[in-house]
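Overview (structure and organization)
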Amino acid sequence: MPCWYYDKKELRETPSILDGISFDTERRYRKEGARFIMECGTKMGLGHNTMATGVVYFHRFYMFHSFRSFPRYVTACCCLFFAGKVEETPKKCRDIIKAARGILSDNYFYSFGDDPKEEVMTLERILLQTIKFDLQVDHPYTFLLKYAKCFKGDQQKLQKMVQMAWNFVNDSLSTVVCLQWEPEIIAVALIHLASKLSKFTVQDWEGRQTQHQRWWDMFVSDVTMEILEDICHQVLDLYQSTQKETYQPISPPQKPPSRADSPTPVKPPNSSGHLPITAQQPQPPPSVGGNGCIGELNNIQTIKSLASTVPSLGSGESLPLSQGTVPSGQPIVYHLYHAPPPPPPPVVPMMSYTAPGWGVPQPPPSHYGTVVAPPPLIPPNLPLGPSGSYYNAGGRQAQQRYQ
């Protein structure tokens, strides 16, 4: 099975950061996607395990792909849709998209394109290949309840501490601690944080032995206080960054994958401040604010094209690009994911066909005249009927019974 835990150096070299997105912006995108999954799942009545599984899929997906290539809200809907199947709480894709439409503004829902359901369904196959078919995900909720049942002390204070630790687990999904540590260690760290803030000290617990210096030694071994403090600080930094973001502009929307352009540089504006006619593309609704909107919108690729098979290249190799010409004579370069369209089939002129004499009444055939056909010849060797003819009184030919 693949290893889904990374060190801090690897988390600073994600595909999004290598694609030109800053570290803080990449973390903000992750937090926005995780909170969107939680809000959308809560609106649809999904359980905490389903929402947490979708968030973990979301974080793992962007360890292999860039936010510039895949819009975060489309990916979030796909992760929630797929997590519902894994956790046996499935929801219809159109219901998830409907819930997303009620949460997102027009600027952000623009990234779903003209056919949101097709975008989500196509991205599901890419998600399944990205997570390498590793569907089973464990969460700190189970270990949190398991550890809390062993504590002794005031039950009212214990309940308050467990509730606070549960909220910390929910908020930790907006960070990347699920990409750094196992769920058992995260549960221990957040119980430790909640006990400090709620002033509930775990002094005794069931199954305590002499070699156990702290309560978590019975459940997780070789966990240092530095590891627990690091997890606690990442969760606490989440609340500080939330207060700072109230004064920051809203992140720009992303261009829908169905209308994406190849990540080729866009021609700079002319002296009048407008793009040339040949470089103008359909623009999204006006954004509230933010920097880098043009760079983000013009570097998103079509999900359908990314799902297609792409030949692998070695180091230093480049794929030859096909070139063509536009009617104005300017050369145009097609990207790897946007192959030139095939030439139209030749137009074959059709011969005009006119039926001779259509609408003109034709003379009747000669056998429709008044000439009466002669009677049939008398069959040989047939006996005469009772009336002296070869036909009986009923007008029917006499039948012979064969012996």
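Residues numbered from 1 in each chain as written. Predicted model: local features only at pLDDT ≥ 70, side-chain atom pairs only at ≥ 80, totals over all residues. Heavy atoms only, no water.

1. A closer look at the overall build of the protein
- Helix and strand content of the protein: 14 helices and four strands.
- Across the 403 residues in the protein, those meeting the buried criterion constitute 40%.
- Sequence-distant contacts, at least 24 apart, represent 77% of the contacts inside the protein between residues at least 6 apart. (Helix = DSSP H or I, 4+ residues; strand = E, 2+ residues; numbered from the N terminus. Buried < 20%, exposed > 50% of the residue type's maximum accessible area, 1.4 Å probe, protein only. Contact = heavy atoms within 4.5 Å.)

2. Some thoughts on a nonpolar patch on the surface
- Among the surface-exposed residues, Leu197, Leu236 and Tyr239 lie close enough to one another that they form a single nonpolar patch of about 240 Å² accessible area.
- Of note, Leu197 is situated in helix α11 (residues 183–198). (Patch = residues over 30% accessible without salt bridge, like charges linked within 9 Å, V, L, I, M, F, W, Y side chains within 5 Å. Areas by Shrake-Rupley, 256 points an atom, 1.4 Å probe, with all protein chains shown as cover. Salt bridge = Lys/Arg side-chain N within 4 Å of Asp/Glu carboxyl O.)

3. Some details on helix α9 (residues 140–148)
- Along α9, the residues classified as buried are Pro140, Tyr141, Phe143, Leu144, Tyr147 and Ala148. What you see down the axis of α9 is that its buried residues fit within an arc of 165°, all on one side. (Arc of directions from axis to C-beta.)

4. Here's the deal with the pattern of salt bridges
- Under the defined criterion, the tally for this structure stands at seven salt bridges.
- Lys85 is paired through a salt bridge with Glu124; the nearest N and O atoms lie 2.7 Å apart. One end of the pair, Lys85, is in helix α5 (residues 72–86); the other, Glu124, is in helix α8 (residues 116–130), and 39 residues separate them in sequence.
- Note on Lys85: relative accessible area 40%, which makes it partly exposed.
- On the basis of relative accessible area, Glu124 is assigned to the buried category, the value being 11%.
- With a closest N to O distance of 4.0 Å, Asp204 and Lys152 form a salt bridge. Here Asp204, found in strand β2 (residues 204–205), pairs with Lys152, found in strand β1 (residues 151–152); they are 52 residues apart in sequence, far enough to count as distant.
- Here the residues in one salt-bridge network are Arg28, Glu32 and Arg72, joined through shared partners.

5. Quick look at the packing of aromatic side chains
- Counted according to the given criterion, the structure contains 19 aromatic pairs.
- Pairing Tyr141 with Trp166 gives two aromatic rings, centres 4.6 Å apart and planes at 45°, and the pair type is tilted. Placement of Tyr141 in helix α9 and of Trp166 in helix α10 (residues 155–172) is noted, with a sequence separation of 25 residues between them.
- With a relative accessible area of 19%, Trp166 lands in the buried category.
- Site record: aromatic cluster; members linked through ring pairs are Tyr29, Phe58, Phe61, Tyr62, Phe67 and Phe70.
- Of note, Arg12 hangs over the ring of Phe23, and the distance from its end group to the ring centre comes to 3.9 Å.
- Sitting above the plane of the Phe109 ring, Arg101 keeps its charged end 4.8 Å from the centroid. (Phe/Tyr/Trp six-rings, centres within 6.5 Å; stacked < 30°, edge-to-face > 60°. Lys NZ or Arg CZ within 6 Å of the ring centre and 35° of its normal.)

6. Here we look at α8
- Taking 1.5 Å as the rise per residue, α8 with 15 residues should run 21 Å; its terminal C-alpha atoms sit 21 Å apart, in good agreement.
- Listing the buried residues of α8 in full gives Pro116, Glu119, Val120, Thr122, Leu123, Glu124, Ile126, Leu127 and Thr130.
- Positive backbone phi, approximately 60°, marks Lys132, located one or two places after α8. (Expected span 1.5 Å × (residues − 1).)

7. Structural notes on the packing of helix α3 (residues 23–43) against helix α4 (residues 48–61)
- Following both chains from N to C, one finds α3 and α4 inclined at 155°, their axes separated by 9 Å at the closest point. In terms of axis orientation, α3 runs roughly antiparallel to α4. The handedness of the crossing between α3 and α4 comes out as right-handed. Between α3 and α4, the contacting residues are Tyr29, Arg30, Gly33, Ala34, Ile37, Met38, Gly41 and Thr42 on the first element and Met51, Gly54, Val55, Phe58 and His59 on the second.
- A per-class count over the contact of α3 with α4 returns seven nonpolar, five polar and one charged. (Axes fitted to C-alpha atoms, helices over the stretch in contact; angles between N-to-C directions. Parallel < 35°, antiparallel > 145°, perpendicular 65-115°, else oblique. Left-handed = near helix turned anticlockwise from the far one by under 90°. Nonpolar A, V, L, I, M, F, W, Y, C, P; charged D, E, K, R; others polar.)

8. Remarks on the side chain of Ser174
- Note on placement: Ser174 falls in the loop between α10 and α11.
- Using a relative accessible area of 10% as the deciding quantity, one classes Ser174 as buried.
- With residues near it in sequence (within four places) discarded, Ser174 still touches Lys31, Ala34, Arg35 and Leu238.

9. Focus on the nonpolar core
- One finds Phe112, Tyr147, Phe151 and Trp215 to be the most contacted residues of the largest nonpolar core, which totals 87 residues.
- When residues of this core are assigned to their parent elements, the largest contribution, 10 residues, is made by α5.
- Each residue touching Tyr147, except ones within four places of it in the same chain, is listed here: Glu184, Ala187, Val188, Ile191, Trp215, Phe219 and Val220. (Core = buried A, V, L, I, M, F, W, Y, C linked by side-chain atoms within 4.5 Å.)

10. Points about unusual backbone geometry
- In this structure, Lys199 is a non-glycine residue whose phi angle is positive, near 60°.
- Within the secondary structure, Lys199 sits in the loop between α11 and β2.
- A positive phi angle, close to 60°, is found at Asp222, a residue other than glycine.
- Within the element layout of this structure, Asp222 appears in the loop between β2 and α12 (225–245).

11. A closer look at the packing of α4 against α5
- Where α4 contacts α5, the two axes come as close as 8 Å, and the packing angle between them is 130°. As far as their axial angle goes, α5 and α4 are oblique. In this structure, α4 meets α5 at a crossing whose hand is right-handed. Only Arg72, Thr75, Ala76, Cys79, Leu80, Phe82, Ala83, Gly84 and Val86 of α5 make contact with α4, whose side of the interface consists of Thr50, Met51, Thr53, Gly54, Tyr57, Phe58 and Phe61.
- For the contact of α4 with α5, a count of residues per class yields 10 nonpolar, five polar and one charged.

12. Looking at the confidence of the model for the protein
- Averaged over the protein, the pLDDT score is 75; the fraction of residues at 70 or greater is 60%.
- Mean pLDDT across the elements of the protein ranges from a minimum in helix α13 (residues 293–297), with 41, to a maximum in α4, with 96.
- In this model, residues 258–301 is a region of pLDDT below 50 whose contacts with residues beyond four sequence positions or in other chains number 79 contacts.
- Counted against residues more than four places away or in other chains, residues 390–394, with its pLDDT under 50, gives 11 contacts. (pLDDT = per-residue confidence, 0-100.)

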